[in-house]
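Read off the chains here:
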Amino acid sequence: MKILEIVEKIAVEEPRIVSIVGAGISKASGMPTFRGEDGMWNNYSAMELATPQAFAKDPQLVWNWYKARMRILLKAKPNDAHFALTKLEKAGLSLGIITQNVDGLHELAGSKKIIEIHGRIRYARCTSCKHVQRWDKDEIVNERDSLLYCPNCEKSLLRPDVVWFGEPLDPSKSEIALDWLSHCNLVLVIGTSGVVYPVASFPSFAKENGAKIIEFNIESTPLTPICDFSVFGKCEENLPLFVEELIRKIEKSKSG
Ligand SMILES: [Zn+2]
């Protein structure tokens, strides 16, 4: 269905939108896969490195991998899909963004209400105390074979502030996400295949609370059957169009 038709058909006068975002949104941000660097990480999988066990066994190996990923991420920029969501927020139409991405590109695009449900790769946190700091700086990222230590409690290791395989999600983040989802009337599912739980269950939770669901994905996904509307193709092209049309429709209804 065409975007214009979808916007016409959405019967919500005052949209309260929650966006559920996955890796598909960041594809157009110039991020090659991290396998690219030196080829040295080809023999490792994320399942082997992004775990508490891997960090306990060899924190240097894990940090070297995160630094390699960060060297690539530092070259990435938000794309038009990220900026479209910022525009939605500035227009007062967004309750917030729930993202599975750890890349921090929503923040760089200027969005404020963001729940990074799987954590934030640009931040490190202390393994002993509550200290959190950014580490996405050239001087840290380019220093190979060194660990990061907490400035508060000496000798305590810092670790990436992300959710590793086998770790629970932060319950306070899930709580805010569910609060948004129970108060929204429109959900945008963007660039996510909808297979990773619990995020995969969020659209149907919102739907049960009366929200309409629109997906922006490259092709159909396991979530497609529960969506009211599906827009297939590049989200960096379709999402800005949708946001523009929606804002136009609302401004028109207000002035009329
Ligand atoms: Zn500490």
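The numbers attached to residues start from 1 for each chain and follow its sequence in the written order. A pLDDT threshold of at least 70 governs which residues receive local features in this predicted model, and a stricter bar of 80 or more applies before side-chain atom pairs are shown or counted, although totals over entire chains, interfaces and linings include all residues. Just so you know, side-chain values use all the structure's heavy atoms and leave hydrogens and water out.

### Regarding the UniProt feature "binding site: Zn(2+)" (unreviewed entry) in the chain
Next up, step 1: UniProt positions are given in the numbering used here, feature names are shortened, and annotations may be inferred rather than shown by experiment. As recorded in UniProt, the sites labelled "binding site: Zn(2+)" (unreviewed entry) are C126, C129, C150 and C153. For the residues just named, distributed over 28 residues, the greatest C-alpha separation is only 8.6 Å, placing them together at one site.
Next up, step 2: Looking at the element boundaries, C126 is found in strand 4 (residues 119–126).
Next up, step 3: Ignoring any residue separated from it by four or fewer positions in sequence, one finds C126 in contact with H131, C150, C153, S156, L157 and L158.
Next up, step 4: Looking at where C153 falls in the secondary structure, it is placed in the loop between helix 7 (138–141) and strand 6 (158–162).
Next up, step 5: Residue contacts are counted whenever heavy atoms from the two residues lie within 4.5 Å of one another. Ignoring any residue separated from it by four or fewer positions in sequence, one finds C153 in contact with C126, S128 and C129. A run of DSSP states H or I qualifies as a helix once it reaches four residues; a run of E qualifies as a strand once it reaches two. Both are numbered from the N-terminal end.

### Some words on the side chain of S111
Next up, step 1: As for its placement among the helices and strands, S111 is situated in the loop between helix 6 (105–108) and strand 3 (114–116).
Next up, step 2: In protein, a polar contact means a hydrogen-donor-capable atom and an acceptor-capable atom, both N or O and within 3.5 Å, with residues adjacent in sequence counting only if both atoms are side-chain atoms; elsewhere, any N or O pair within 3.5 Å suffices. One polar contact links S111 to T86, side chain to side chain, over a distance of 2.9 Å.
Next up, step 3: Every residue in contact with S111, bar those within four places of it in the chain, is listed here: H82, L85, T86, E89, I97 and H106.

### Observations concerning the sheet that holds strand 4
Next up, step 1: Two strands are counted as paired when DSSP detects at least two bridges linking them. Spatial strand order, 5-4-6: 3 strands in an open sheet with antiparallel pairing. Each having just a single partner strand, strand 5 (132–134) and strand 6 make up the two edges of the open sheet. Within the sheet, the average angular offset between the axes of one strand and its neighbour, ignoring direction, is 40°.
Next up, step 2: Bridging between strand 4 and strand 5 involves 3 bridges; their strand directions are antiparallel. Residue pairing for strand 5: A124 is matched across the bridge by Q133. To obtain an axis, a line is fitted to C-alpha atoms, over the contacting stretch when the element is a helix, and the angle between two such axes runs from 0 to 180 degrees between their N-to-C directions.

### Quick notes on the coordination of the zinc ion
Next up, step 1: Those protein atoms acting as donors to the zinc ion are C126 (SG), C129 (SG), C150 (SG) and C153 (SG), and they sit at 2.1 to 2.3 Å.
Next up, step 2: Its 4 donor atoms give the zinc ion angles of 106 to 115° at the centre, a pattern that matches the tetrahedral case.
Next up, step 3: Sites may look incomplete because water is not among the atoms; the donors themselves are N, O and S atoms within 2.8 Å of the metal, or within 3.2 Å for Na, K and Ca. Mapped onto the polypeptide sequence, the residues donating to the zinc ion form the spacing pattern C-x2-C-x20-C-x2-C. Comparing C150 with C153, the two get one shared label, buried. Every geometry call rests on angle ranges, with four donors termed tetrahedral when all angles are between 85 and 135 degrees, four termed square planar and six termed octahedral when opposite donors are over 155 degrees apart and all others are between 65 and 115, and everything else termed irregular. Think of it in three bands: with a 1.4 Å probe and only protein chains considered, a residue is buried below 20% of the maximum accessible area for its type, exposed above 50%, and partly exposed in between.

### What to know about the sheet that holds strand 9 (residues 229–232)
Next up, step 1: Reading across the sheet, the 6 strands line up as 3-2-1-7-8-9 and stay open at both edges, with parallel pairing between neighbours. Edge strands, defined here as strands with exactly one partner in the open sheet, are strand 3 and strand 9. Sheet twist, expressed as the mean angle between neighbouring strand axes with direction ignored, is 15°.
Next up, step 2: The sheet contact formed by strand 7 (residues 186–190) and strand 8 (residues 212–217) spans 5 bridges and is parallel. Along strand 8, the bridge assignment pairs V189 with E215.
Next up, step 3: Lying over the sheet, helix 10 (residues 235–255) contacts strand 1 (17–21), strand 7, strand 8 and strand 9, oriented at roughly 145° with respect to strand 8.

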